[in-house]
Amino acid sequence: MELLKRPRRLRGTELMRKMVRETRMSQESLIYPMFVVEGSRKKEEISSMEGQFRYSVDQMPYELERAAKAGVNHILLFGIPDRKDEVGSQAYAEDGIVQRALREAKRQFPDLQYITDVCMCEYTSHGHCGILCGKDVENDRTLEYLQKIALSHVQAGADMVAPSDMMDGRVRAIRGILDQNGYENVPILSYAVKYASGFYGPFRDAAESAPAFGDRQTYQMDFHNSREGIREAILDVEEGADIVMVKPAMSYLDMVSKVREAVKVPVAAYSVSGEYAMVKAASKNNWIDEEKIMCEMAVAAYRAGAQIYISYYAKELAKCMTEGKIG
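In this text the structure is predicted, and so the values were computed from the model without any measurement.

Calculation criteria
Residues numbered from 1 in each chain as written. Predicted model: local features only at pLDDT ≥ 70, side-chain atom pairs only at ≥ 80, totals over all residues. Heavy atoms only, no water. Buried < 20%, exposed > 50% of the residue type's maximum accessible area, 1.4 Å probe, protein only. Helix = DSSP H or I, 4+ residues; strand = E, 2+ residues; numbered from the N terminus. Arc of directions from axis to C-beta. Contact = heavy atoms within 4.5 Å. Phe/Tyr/Trp six-rings, centres within 6.5 Å; stacked < 30°, edge-to-face > 60°. Lys NZ or Arg CZ within 6 Å of the ring centre and 35° of its normal.

So, on to helix H8 (residues 253–262). Since there are 3.6 residues in each turn of an α-helix, residues three or four apart along the chain are aligned in direction. Within H8 the residues assigned to the buried category are Met 255, Val 256 and Val 259. Down the axis of H8, the buried side of the element spans an arc of 105 degrees, and every buried residue falls inside it. Residues of H8 that are buried sit in contact with strand E9 (189–194), helix H7 (227–239), strand E10 (243–247), strand E11 (267–271) and helix H10 (290–304).

Position of Arg 54 among the secondary structure elements: in strand E3 (residues 53–56). Along the sequence, Arg 54 and Met 34 sit 20 residues apart, while their C-alpha atoms lie 7.4 Å from each other.

Each aromatic ring pair is specified by the distance between its two centres and by the angle formed by the two planes. Taken as a whole and judged by the stated rule, the model has 10 aromatic pairs. With centroids separated by 5.5 Å and ring planes inclined at 25 degrees, the aromatic side chains of Phe 35 and Phe 78 adopt a geometry described as stacked. Pair noted here: Phe 35 is in strand E1 (residues 30–37) and Phe 78 is in strand E4 (residues 74–80), with a separation of 43 residues, a long-range link. Judged by relative accessible area, Phe 35 falls into the buried class, the value being 1%. For the pair Tyr 270 and Tyr 312, a centre-to-centre distance of 6.1 Å together with 45 degrees between the ring planes defines the contact as tilted. Remark: Tyr 312 occurs in the loop between strand E12 (308–311) and helix H11 (314–322) and Tyr 270 occurs in strand E11; sequence separation between them is 42 residues. Accessibility classification places Tyr 270 together with Tyr 312 in one group, the buried group. Connected via pairs of aromatic rings, a cluster forms that spans Phe 35, Phe 78, Tyr 191, Tyr 270, Tyr 276, Tyr 312 and Tyr 313. In this structure, Lys 43 packs its charged tip against the face of Phe 53, placed 4.6 Å from the ring centre. The ring of Tyr 200 is capped by Lys 247, whose NZ or CZ atom sits 4.8 Å from the centre of that ring.

See below:
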């Protein structure tokens, strides 16, 4: 008689289950996105992202303290300026919103790591991620502006820059300008595999970055394609990316796995605003257990191969790790 296989032997107790876990997570791998705005005494809730806020620079430190106390040490900063123009000049201004936020954050919480989103859509009057020629984004001219933005962020104190624009050659251009100015040790986290996704809707509300016309399908990727994503990731690594990102996360876990196999650098997954908003909405209607779904989504990304997880739930996930619910 054939011996009965008993996989349940390793599921009998919580200690046993934790001992044989195949997927391990840590608070150190979490990144928390934050939005900073002009003005003072501002903490504005984002209507489409319950529990997320836009902070003025004087209010930002309170949230940084909460993140640090939760065990989240990596912050991804997005800036929302008061003034926008055709070339997004506030994105690279010395007194721009991100630049001022970085200086204050580094002064008050120097032990946290600050990553900055390098893009133009929040800063341009037309809402596109580059410089326009008519209604087309000029790839190579945009690279010059991305260089200015990245350099200004690093000069203001950024520990890492994260280009999200999806222009061809942007990683090489940014790596070049940073190296030329003595910042060869500042890493680049590239939004390498960024799809033109419907999951970004709440973010565009949060960052006031919806395009004034058209869409971003000429530079963000077609979500039907996977081989193209691998090519993008490999190109960015060849150009100098130290970490590559897949965005969004939940519907693109196949890409997380494929990219992890294709490159030799760390892979990040960004659980974007639409994923967060859907969980919040379903939880509010008592259709799901918010904490359980939040944890399952995070574990799924790590299980697929992500080593870094960017999430609006970062503080809550860190708490669950502390309590041993995941990890």
